[in-house]
Amino acid sequence: MDRSLALILDEDETQRVINTLERADRNHQLWLRRLHSGLITGRPAFTDDILDPAAHQRCKFGLWYYHEAAGVIREHPHFTAIESLHRRMHDQGRLLAGKAQEGRAIREDEYAHFMDLQKGLCERLVGLREELQVLRYSFDALTGTLNRQACELLLNQEFARVSREQETCCLSLVDIDHFKSINDSYGHMVGDQVIKTLSGLLREQLRPYDTICRYGGEEFLISLPNTDLAQAEEILERLRREIAGREIGFEAGDIRVTVSCGLARLDTRVPLAETVRRADEALYAAKAAGRNCIRVAAETCC
Ligand SMILES: Nc1nc2c(ncn2[C@@H]2O[C@H](COP(=O)(O)OP(=O)(O)OP(=O)(O)O)[C@@H](O)[C@H]2O)c(=O)[nH]1
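Fair warning: this is a prediction, and the values are worked out from it, not measured in the lab. (Residues numbered from 1 in each chain as written. Predicted model: local features only at pLDDT ≥ 70, side-chain atom pairs only at ≥ 80, totals over all residues. Heavy atoms only, no water.)

## Here's the deal with the overall build of the chain
A count of helical and extended segments in the chain gives twelve helices and seven strands. For 302 residues, the compact-globule formula gives about 19 Å, and the C-alpha radius of gyration of the chain, at 26 Å, lies well above that figure. Expressed along its principal axes, the backbone C-alpha trace of the chain runs to roughly 85 × 55 × 25 Å. Counting every position in the chain, which comprises 302 residues, the buried fraction comes to 49%. With an accessible surface of roughly 15,100 Å², the chain has 50% of that area assigned to carbon and sulfur atoms. In the chain, which carries 40 positive and 48 negative side-chain charges, the distance between the mean positions of the two groups comes to 4 Å. (Helix = DSSP H or I, 4+ residues; strand = E, 2+ residues; numbered from the N terminus. Rg over C-alpha atoms; globule rule 2.2 N^0.38 Å. Buried < 20%, exposed > 50% of the residue type's maximum accessible area, 1.4 Å probe, protein only. Areas by Shrake-Rupley, 256 points an atom, 1.4 Å probe, with all protein chains shown as cover. Lys, Arg positive; Asp, Glu negative; His and termini not counted. Charge placed at Lys NZ, Arg CZ, Asp CG, Glu CD.)

## Some points on the site of the ligand
Around the ligand there are 16 residues in total, and His178, Phe179, Asp192, Arg214 and Arg291 lie nearest to it. Within the contact set of the ligand, an oxygen atom lies 2.8 Å away from a backbone nitrogen or oxygen of His178. Contact distances for the ligand include 2.7 Å between an oxygen atom and a side-chain N or O atom of Arg214. Protein burial of the ligand: of its 670 Å² of free accessible surface, 66% is covered by the chains. Of all the secondary structure elements, the ones that give two or more residues to the shell around the ligand are β1 (169-176), α9 (179-186) and α10 (188-205). Examining the composition of the shell around the ligand, we find that four residues originate from one element, α10, more than from any other. (Near = heavy atom within 4 Å. Polar contact = N/O pair within 3.5 Å; in protein donor to acceptor, adjacent residues only side chain to side chain.)

## Comments concerning unusual backbone geometry
In this structure, Gln166 takes a positive phi of about 50° despite not being glycine. Note that Gln166 resides in the loop between α8 (148-165) and β1. Its identity is not glycine, yet Asn226 carries a phi of approximately 55°, on the positive side. Along the chain, the position of Asn226 falls in the loop between β3 (219-225) and α11 (229-245).

## Things to note about the pairing of strand β2 (residues 211-216)
Burial analysis of β2 places five of its six residues in the buried class, the great majority of the element. Hairpin connection, β2 to β3: the antiparallel pair is bridged by two residues. (Pairing = 2+ DSSP bridges.)

## Side note on the environment of Ile255
Here Ile255 shows up in strand β5 (residues 253-255). Through-space distance from the C-alpha of Ile255 to that of Ile182 is 8.6 Å; in sequence the pair is 73 residues apart. Among residues more than four places away in sequence, those in contact with Ile255 are Ile182, Tyr186, Val190, Val194, Arg246, Glu247, Ile248 and Phe250. (Contact = heavy atoms within 4.5 Å.)

Okay, structure coming up:
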């Protein structure tokens, strides 16, 4: 899964992008059928979206690619590769159509080149669609944040990136305090709404490039890229204060919640699971210290 997609798209937006991509693909298949039909029947009546030198921009697929496709997927490697393949395929298709119209024979290698470009384009479209489908099932149904499976995938990518670029990154586990008593007092439905409201607060308070995922029932894992421990502690402290100061309004009354946070610097010298374990230990220490506070894991000693 591509990290940039996961950070920017949400579930509805992902579905919308998948729908427009599928429509563009269907339109491309229709275009391909018309071209082949003209080549095979010997009665070619090719239209402008085949013969025009700018046909790759004027065909329905081109209109999707150049005008409609959502901004975030434009950066994706599959998406950028599609441009060149689609344009070159149109160039080659125009050559084949021109020959057919003039009654000239199409060489085998000319046709094979066209089909290679079409195959490449098809592979890239399938690849992009598969990534979006994976992303579609990566969101937690209640909160709309990433689910645990997606989070583990992203964290592995983050781990590789941080190792490669020698960047600093911190992980934090954030857990609602005494959540059982909220369920017990107000019922599970209200408990669910508290979890949902908290995830909204996390998104509101954190930076767009921070990753938030629902790691367990009332527990969130946050990844803070490009952030050292002191900065991360400051961010979490602001977050903790903001949450403790908010009243969440329900029919049953206003509810205040607090959170405890365990924080650890991502250490690329040890497996990723080790950093998550240290963050979890720090969270346990925050609970033991009375809750509504942050504890920072000691650095790994090697
Ligand atoms: N409403 C709701 N409750 C959940 C969900 N997932 C887990 N829980 C409940 O969350 C509660 C967590 O309780 P504990 O692990 O004892 O923790 P706590 O009461 O928050 O206490 P501390 O973490 O020690 O402050 C359990 O009662 C779970 O049933 C969920 O998705 N919705």
